[in-house]
Structure formats: structure tokens, C-alpha cells
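# Remarks on the overall topology
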Amino acid sequence: MRMLIVGAGGAGAYFAARWAAAGRNVTLLARGSQLAAIRANGVTIHAPAGTATAKVDVTDSPAAAAKADAVLFAVKTWQLADAVAPIVPHLGRDAMVFGVLNGVDCANQLAATFGRGRTLGGALRIISYVESPGVIRHVGVDPTIVVGELDGGVSPRVQRLHDTFTLEPAVKIEASPNILLDVWRKFLFFAPVSGVGSVTRSTIGAYRAHPASRAMLRAAIAEVFALGRARGIPFADTAVDDALAFIDRSPPDGTTSTHRDFEAGRRTEIDALSGAVSRMGRESGVPTPTHDFLYAALAPQEARARAVPTARTAP
């Protein structure tokens, strides 16, 4: 199975390097300084288990999609439309597409372009980032991609993805029988930690330990839980406690990509996180006062970042 990864950030470059090192057929679509560094020196990963470097087949040509059996989009939520458009003319008729973007709307956006039958749902678990061009820092969380059919069930193509690309412990592929639930499970903790971490400018360990910010965090999780239930997501009754327990197990010095983007003055994904919770809450009649506050507090910084041309984040 031939995989094209679109986006060479902390997730895309990490998985490309791990798969390339294991002999999997993978190509990474990159640009700018990241493209130049990977072409010259490969991808170096600094991880809790040690440092490794792998040569990766990297290109800036969307025509690489013509050879792909699967295309994995690993860009920012606001970059997806621009990332998809160049792929469309080249993708083969039988190729499948999926994304591991934050938020809950990626699969719908991909299906609108490629068709529901060619689109899988996906979710990602990892804390990693680009430390410098060609260098990825994996801070923690077992690197996991969850993938599944939009209508549920584990199909032969999902099983094939699992069997081909799982590389324990460096990469785990979970074949999900209910990918919509899994996408919302991630959203249940990621939207809250992104908002709370960004507004407090604190690490996970700091804001989960302080009583006031921990209360804010729990309230934000509870709002996503109520919203998901209202929209038909079958969260378990223990989902809020489970999400908080996962956060408590996360590396204490961890931060989200949204938090890091705010600190760097770059455009962020807050619109797809607390902003989306607020919008969906209004649509569904579910109060979301914590996310309303988080979005209102962060929106001016987001607007300022968008106004600065150099604040762009490359996939």
C-alpha cells in the first residue's frame, strides 16, 4: 500500500519518518524550509525513547498523489481547503483519503470533495512539533492514528491500513468500528486543553494542578460532553472523568499546538475548537459559557496573527 502524507508538521513528518525507516512505501508532501531540510538530511525525531534519523521520500509536487493508494492529510484545520485542491486532479479513482486534523469537521470537508465512499474518518493522538526544519520533537502520548469508515464498522481497507502501517511502539493504527465517536472523544479533551492552555499560557501540569484552572478545564470538558450527547454522540456516562484522567496522565510539560501557535504569534485552530463548540452550542441549544469565554478571550490574538503575513504556519 502506497501512502502520501500531505503536511510535514509535527505529526506528518513524524509518521513519514517512522514508516520510511520501517520500509513502508510513503511519500511526504512538504514545502519551504521543511522540504529543503528533509531532502538534505531526512527527518530526525527526538523522542522519549531516543533519537533517530530516517531518509524520507519528500516532494513538493501534488502529482505524487497519482501513485497513492491512500492520502493522509495532516495539516492545520484552516489549511485543509488549500491542501486538498492540488490533490484532486491527480488522485486515482480507487484511492482513499482521510485526515487527522483537530476538530470534528475534517471528514465532512473531505467527503464534500472526494465523495463519502472514498473518505475515511481519522483521529490522532500524539504530542509532537517541529523543533527546527527537519527535526521533530515527540514529547509524549503513544503515537496513534485511529481510522474507520464513516458509516461504521471495520472494512477490509481499514484493516489493510491497520495491518500495513502499525509499527508498535512507534506507531499504532487503531481500526475503529465507530470513528465518529472516536473523533469526538479526542475533541472532548483537545478543545478544552487547547483553550485552557492557551488562555492561561501554562503547561498541562500547571493548569491541571491549580484548583481554579482545573475547574475551568472540567467545565469545558463537560460542555463538549453535553454538546456531543445533544448531537447524537454516544459518549459513555464516564466520558468526562475519563477525559480528565487522560489529561492527568499526560506529560506535565506538554502543550497543545494551539497554545504553541498563540505564543509564536501564528494563526491558530481556535475557530475549529472553542469557536466550534460555541457555534454548535448555539445551533443545538446547549449552553457553552466556558468555551464562549475561551474563544472571546483568544479571538483578538487570533485576529492579530491573521493580520501578520509572516504568522503563517506551513504544513
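Structural notes, computed from the coordinates. Quick caveat, the model's predicted, so the values are computed rather than measured.

Criteria and cut-off values
- Residues numbered from 1 in each chain as written.
- Predicted model: local features only at pLDDT ≥ 70, side-chain atom pairs only at ≥ 80, totals over all residues.
- Heavy atoms only, no water.
- Helix = DSSP H or I, 4+ residues; strand = E, 2+ residues; numbered from the N terminus.
- Rg over C-alpha atoms; globule rule 2.2 N^0.38 Å.
- Buried < 20%, exposed > 50% of the residue type's maximum accessible area, 1.4 Å probe, protein only.
- Contact = heavy atoms within 4.5 Å.
- Areas by Shrake-Rupley, 256 points an atom, 1.4 Å probe, with all protein chains shown as cover.
- Axes fitted to C-alpha atoms, helices over the stretch in contact; angles between N-to-C directions.
- Parallel < 35°, antiparallel > 145°, perpendicular 65-115°, else oblique.
- Left-handed = near helix turned anticlockwise from the far one by under 90°.
- Arc of directions from axis to C-beta.
- Nonpolar A, V, L, I, M, F, W, Y, C, P; charged D, E, K, R; others polar.

Looking only at helices and strands, one finds 12 helices and 10 strands in the protein. On C-alpha atoms alone, the protein measures out to a radius of gyration of 19 Å, which is about the 20 Å that the 2.2 N^0.38 rule sets for 315 residues. Projected onto its principal axes, the C-alpha positions of the protein cover 50 × 40 × 40 Å. Taken over 315 residues, the protein has a buried fraction of 54%. Restricting the contact set of the protein to residue pairs at least 6 apart, pairs at least 24 apart contribute 70%. Total accessible area on the protein is roughly 13,100 Å²; 53% of this is exposed by carbon and sulfur atoms.

Turning our eyes to something else, we now look at the packing of helix H6 (residues 179-200) against helix H10 (residues 257-264). Where H6 contacts H10, the axes come no closer than 8 Å and their chain directions differ by 25°. Between H6 and H10, the angle is such that the two are roughly parallel. Classified by chirality, the crossing of H10 by H6 is right-handed. Residue-level inspection shows Phe-190, Ser-194, Gly-197 and Ser-198 of H6 in contact with H10, the latter providing Ser-257, Thr-258, His-259 and Phe-262.

Further remarks concern helix H5 (residues 156-165). Since the α-helix advances by 3.6 residues per turn, residues separated by three or four positions end up pointing in the same direction. Those residues of H5 lying buried are Val-158, Leu-161, Thr-164 and Phe-165. Buried positions in H5, seen along its axis, are confined to an arc of 135° and lie on one side of it. Across from the buried face of H5, at angles greater than 90 degrees, the exposed residues are Pro-156 and Asp-163.

Positionally, Thr-200 belongs in helix H6. Among the residues examined, Thr-200 registers a relative accessible area of 29% and is labelled partly exposed. A sequence separation of 59 residues divides Thr-200 from His-259, and the C-alpha atoms of the two residues are 9.2 Å apart.

Relative to the assigned elements, Ser-198 resides in helix H6. Residue contacts for Ser-198: discarding those within four places in its chain leaves Val-193, Thr-258, His-259, Phe-262 and Leu-298.

So, about the packing of helix H8 (residues 211-230) against helix H11 (residues 274-284). Between H8 and H11, the least distance of the axes is 10 Å, while the angle of their chain directions is 45°. Compared by their axis directions, H8 and H11 come out oblique. Note on packing geometry: the crossing formed by H8 with H11 is left-handed. Contacts between H8 and H11 involve Val-224, Leu-227 and Ala-230 from the first element and Val-277, Met-280, Gly-281 and Ser-284 from the second. Taken together, the residues of the contact of H8 with H11 sort by class into 5 nonpolar, 2 polar and no charged.

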